[in-house]
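# Commentary on secondary and tertiary structure
As a plain string of letters, each chain reads:
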Amino acid sequence: MKVKVDDGGFRFEREPMELERFNALCRLARDAIAGAVFLGAVYMMGAWALAALVAVGVYKLARESFK
């Protein structure tokens, strides 16, 4: 979006973003949020507790897939 200031006020010109660029920006935002959540979890619980939590999750997934 382009914003131009004239004597009469503001004028907006909107050019749509390409779909590939939009998807790339969404992936970057998703990865940044996921990384921050992961680092926060490691900071709060410690690496060993997080590894145990992941191991329990993998175990439960494997157990459900073999039923």
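### Let's talk about the overall build of the protein chain
Looking only at helices and strands, the protein chain features two helices and two strands. With 67 residues in all, the protein chain has 3% of them scored as buried.

### A look at the pattern of salt bridges
Here the structure, examined in full by the defined rule, presents one salt bridge. Between Asp 31 and Arg 30 there is a salt bridge, with the nearest N and O atoms lying 3.4 Å from each other. Looking at Asp 31, the relative accessible area reads 45%, which means it is partly exposed.

### Considering a nonpolar patch on the surface
A cluster of nonpolar side chains, namely Met 17, Leu 19, Phe 22, Leu 25 and Leu 28, defines an oily patch on the protein surface of about 520 Å² accessible area. One can find Leu 19 in helix H1 (residues 19-45).

### Re the packing of H1 against helix H2 (residues 47-65)
The angle between the axes and the distance between the axes are what describe a pair of packed helices. Packing of H1 against H2 leaves a shortest axis separation of 6 Å and a crossing angle of 115°. Of the residues in H2, those touching H1 at Phe 38, Ala 41, Val 42 and Met 45 are Ala 47, Ala 49, Leu 50 and Leu 53. Class assignment of the residues belonging to the contact of H1 with H2 gives a composition of eight nonpolar, no polar and no charged.

Reading the values: the criteria
Residues numbered from 1 in each chain as written. Predicted model: local features only at pLDDT ≥ 70, side-chain atom pairs only at ≥ 80, totals over all residues. Heavy atoms only, no water. Helix = DSSP H or I, 4+ residues; strand = E, 2+ residues; numbered from the N terminus. Buried < 20%, exposed > 50% of the residue type's maximum accessible area, 1.4 Å probe, protein only. Salt bridge = Lys/Arg side-chain N within 4 Å of Asp/Glu carboxyl O. Patch = residues over 30% accessible without salt bridge, like charges linked within 9 Å, V, L, I, M, F, W, Y side chains within 5 Å. Areas by Shrake-Rupley, 256 points an atom, 1.4 Å probe, with all protein chains shown as cover. Axes fitted to C-alpha atoms, helices over the stretch in contact; angles between N-to-C directions. Contact = heavy atoms within 4.5 Å. Nonpolar A, V, L, I, M, F, W, Y, C, P; charged D, E, K, R; others polar.

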